[in-house]
Amino acid sequence: KTYLGRPETDQLRINAMTELGNGLHTVDRHEDALSVQEAGLSLLRRIGASEENILVVQSNIAGTYANLGRLEEASRIIRDVYSGHLKLDGEESDRTHNAASNYASSLAELKRFKEARALLCKMMPVARRVLGGNNELTLRMRWVYAKALYQDDDATLDDLREAATTLEDTDRTARRALGAAHPFTLRVETS
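Residues numbered from 1 in each chain as written. Predicted model: local features only at pLDDT ≥ 70, side-chain atom pairs only at ≥ 80, totals over all residues. Heavy atoms only, no water.

Novice: Help me understand the overall build of the chain in this model?
Specialist: Counting its secondary structure elements, the chain contains nine helices and zero strands. For the chain, the succession of helices and strands along the chain, N to C, is α-α-α-α-α-α-α-α-α. Expressed as lengths along the three principal axes of its C-alpha atoms, the size of the chain is roughly 60 × 30 × 30 Å. By residue count, 40% of the 191 residues in the chain fall in the buried class. For the chain, restricting intrachain contacts to residue pairs at least 6 apart in sequence, the fraction spanning at least 24 positions comes to 52%. Accessible area for the chain stands at about 10,400 Å²; split by element, carbon and sulfur atoms hold 49% of it. The average position of the 26 basic charges and that of the 29 acidic charges among the side chains of the chain differ by 2 Å. (Helix = DSSP H or I, 4+ residues; strand = E, 2+ residues; numbered from the N terminus. Buried < 20%, exposed > 50% of the residue type's maximum accessible area, 1.4 Å probe, protein only. Contact = heavy atoms within 4.5 Å. Areas by Shrake-Rupley, 256 points an atom, 1.4 Å probe, with all protein chains shown as cover. Lys, Arg positive; Asp, Glu negative; His and termini not counted. Charge placed at Lys NZ, Arg CZ, Asp CG, Glu CD.)

If you want it as structure tokens, here you go:
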């Protein structure tokens, strides 16, 4: 209540809304968190906040939609976040790579495997060149790519071989670069 009398542009008010949304999300009150996050996004747009800040809030909203099982809506927002980072930061930015990986994951979750693979085939070489082959984000892209191959009901034998080879190589690299106990390495092993 102490923030209600403050102007919309007041940073304390904006931070309070962000913390409220994050807190509600943390305690699994996703519907309430969504309401606060959407109000926060509307506020940021009204006051002319930076595109970067808007993309961060949109990413949070997409995560909340996913937690609510609203995967199509989440994927649309994640696509917009990816496009926003591509325009704002260029294809060599870590933020763009992260957004591309998130978008590909959301496409795979919706069983839109061909689209996921096409996006990753475009972005994996860039990530490998910019971040290196041992980078966790590069490895995550390769892991999502392999999953988009083997989870597809229309996968050919060659697709399944490529998926197996990619997973084995990703696992080997993750063990070497991140360590056997790293959470990502453990996720790859259970694939």
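Don't stop here, the text continues.
Novice: Looking at this structure, I do not really get helix α5 (residues 94-109). What am I missing?
Specialist: Three or four residues apart is the spacing at which side chains of an α-helix point the same way, because the helix has 3.6 residues per turn. With 16 residues, α5 extends 22 Å between its outermost C-alpha atoms, agreeing within 8% with the 22 Å of an ideal straight helix rising 1.5 Å per residue. Those residues of α5 not exposed but buried are T96, H97, A99, A100, S101, Y103, A104, S106, L107 and A108. Looking at the buried positions of α5, the neighbouring elements they touch are α4 (71-89), α6 (113-131) and α7 (136-150). Sitting at the amino-terminal end of α5 is S93, which places a side-chain oxygen 3.1 Å from the backbone nitrogen of R95. Where α5 terminates, the next one or two residues include K111, which has phi positive at roughly 65°. (Expected span 1.5 Å × (residues − 1). Polar contact = N/O pair within 3.5 Å; in protein donor to acceptor, adjacent residues only side chain to side chain.)

Novice: Would you take a moment to explain the environment of L88 for this structure?
Specialist: Structurally, L88 can be placed in helix α4. Residue classification places L88 among the partly exposed residues on the basis of a relative accessible area of 42%. Spatially, the C-alpha atom of L88 lies 8.0 Å from that of E52, the residues being 36 residues apart in sequence. Beyond its immediate stretch of four places on either side in the chain, L88 contacts E51, E52 and L55.

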